[in-house]
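# Structural description and commentary
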Amino acid sequence: NLNNLNPKLLLSYGCGLIGEGTSSIASIANLNFHGGLSPWYKGTATHFWPSYFLEPEFTGVAIHELSKKIDSGPLVHQISGDLVLGDGIHELSSRTVKKSIDECIILLKNIISKESYSSIPQTKTGKLFVNDDWNVGHLKIIYELFENKVVDWRLNESKPKEISLFRDNFF
């Protein structure tokens with residue numbers, strides 16, 4: 001039973017909805033590490049969809065408070081991937097995950113040492129992707145039309161969108 005542990009911090013990763021008791025069990029923070037840049041990309045396959053929609057700069061991670069709705073809790077920290085010429089969708093995703101884990105370690109140390117953190121509500125809207133949204137045909141856009149060079153296209157042919165990220169707890 002988690003209650004017996006008296007945790008200061010609870011961090012979940014990519015799990016579905018969490019019961020009311022679990023979402024408030026830790027004394028300092030009850031957070032979810034979401035493999036997508038909320039609020040723009042929520043749900044499943046959230047490192048795939050930004051490239052599919054030709055905005056790979058939205059490949060990222062959001063750390064948010066646990067809530068009853070999927071990936072909708074107030075934001076605690078956001079990380080976007082770095083666009084590097086020559087990267088395909090998998091390289092971009094892997095680099096983004098590595099960057100987010102490195103930042104998450106620093107973030108959690110800051111939260112534990114201060115015994116507090118800042119958050120902001122998710123006020124922008126995005127899409128909540130479910131498993132049924134994806135099919136193998138979507139890969140044709142990435143691999144056949146763009147030859148897995150969506151990042152190169154974005155950097156060379158189209159200017160990446162500016163994204164304002166919430167990062168108050170990181171520094």
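Per chain, the residues get numbers from 1 upward, laid out in the order the sequence is written. Thresholds applied to this predicted model are a pLDDT of at least 70 for local features of residues and 80 or more for the giving and counting of side-chain atom pairs; totals over whole chains, interfaces and linings are not thresholded and use all residues. Remark: hydrogens and water are excluded; side-chain values derive from all non-hydrogen atoms of the structure.

In this section: the overall build of the protein. Counting its regular elements, the protein contains four helices and six strands. Beginning at the N terminus, the succession of helices and strands in the protein can be written as β-β-β-α-β-β-α-β-α-α. For a compact globule the rule gives 2.2 Å times the number of residues to the power 0.38, and the radius of gyration it is set against comes from C-alpha atoms. Here the protein has a C-alpha radius of gyration of 17 Å; the compact-globule value for 171 residues is 16 Å, and the two agree. The principal-axis extents of the C-alpha atoms in the protein amount to approximately 55 × 35 × 25 Å. Here the protein holds 171 residues, and the buried ones make up 44% of them. Considering only residue pairs separated by 6 or more positions, the protein has 68% of its internal contacts joining residues 24 or more positions apart. Every accessible area reported is derived by Shrake-Rupley at a probe size of 1.4 Å, with residue values counting cover from the shown protein chains alone. Summed over its atoms, the accessible surface of the protein is roughly 9200 Å², and 54% of this surface lies on carbon and sulfur atoms. For the purpose of charge, His is not counted, nor are the chain termini; Lys and Arg are scored as positive and Asp and Glu as negative. We put the charge of a Lys on NZ, of an Arg on CZ, of an Asp on CG and of a Glu on CD. Taking the average location of the 17 positive side-chain charges in the protein and that of its 19 negative ones, the two points are 4 Å from each other. Helix numbers and strand numbers start at the N terminus; a helix is a DSSP run of H or I with at least 4 residues, a strand a run of E with at least 2. Exposure categories follow from relative accessible area, calculated using a 1.4 Å probe and restricted to protein chains: below 20% of the type maximum is buried, above 50% is exposed, and the middle band is partly exposed. Contacts: residue pairs with any heavy atoms within 4.5 Å of one another.

What follows deals with the packing of aromatic side chains. Each Phe, Tyr or Trp ring, with Trp reduced to its six-membered ring, pairs with another whose centre is within 6.5 Å; inter-plane angles below 30 degrees give stacked pairs, above 60 give edge-to-face pairs, and intermediate values give tilted ones. Inspection of every chain in the model, using the stated rule, returns 13 aromatic pairs. Taken together, a centroid distance of 5.1 Å and an interplanar angle of 75 degrees make the contact between Phe-48 and Trp-49 edge-to-face. For Phe-48, a relative accessible area of 10% corresponds to the buried category. Look at Trp-49 and you get buried, because its relative accessible area is 2%. Among the aromatic residues, those joined into a ring-pair cluster are Trp-40, Tyr-41, Phe-48, Trp-49, Tyr-52, Phe-53, Phe-58, Phe-129 and Trp-134. Counted as over-ring charges are cases with an Arg CZ or a Lys NZ within 6 Å of the ring centre that also lie within 35 degrees of the ring normal. Note that Lys-127 overlies the ring of Phe-129, its terminal NZ or CZ placed 5.1 Å from the centroid. Between the NZ or CZ atom of Arg-167 and the centre of the ring of Phe-170, over which it lies, the distance is 5.1 Å.

Let us look at the sheet that holds strand S4 (residues 60-65). The criterion for strand pairing is that DSSP finds at least two bridges linking the strands in question. Reading across from one edge, S1-S2-S4-S5 is the order of the four strands in this open sheet, with mixed pairing throughout. Each edge of the sheet is formed by a strand with only one pairing partner; in this case those strands are strand S1 (9-13) and strand S5 (75-80). Neighbour-to-neighbour, the strand axes of this sheet turn through a mean angle of 15 degrees, independent of strand direction. Pairing geometry for S4 and S5, over five bridges, is antiparallel. Residue pairing for S5: Ala-62 is matched across the bridge by Gln-78. Note on method: axes are straight lines fitted to C-alpha atoms, helices fitted across the in-contact stretch only, with angles between N-to-C directions ranging 0 to 180 degrees.

Worth remembering: the numbers are spatial, not functional.
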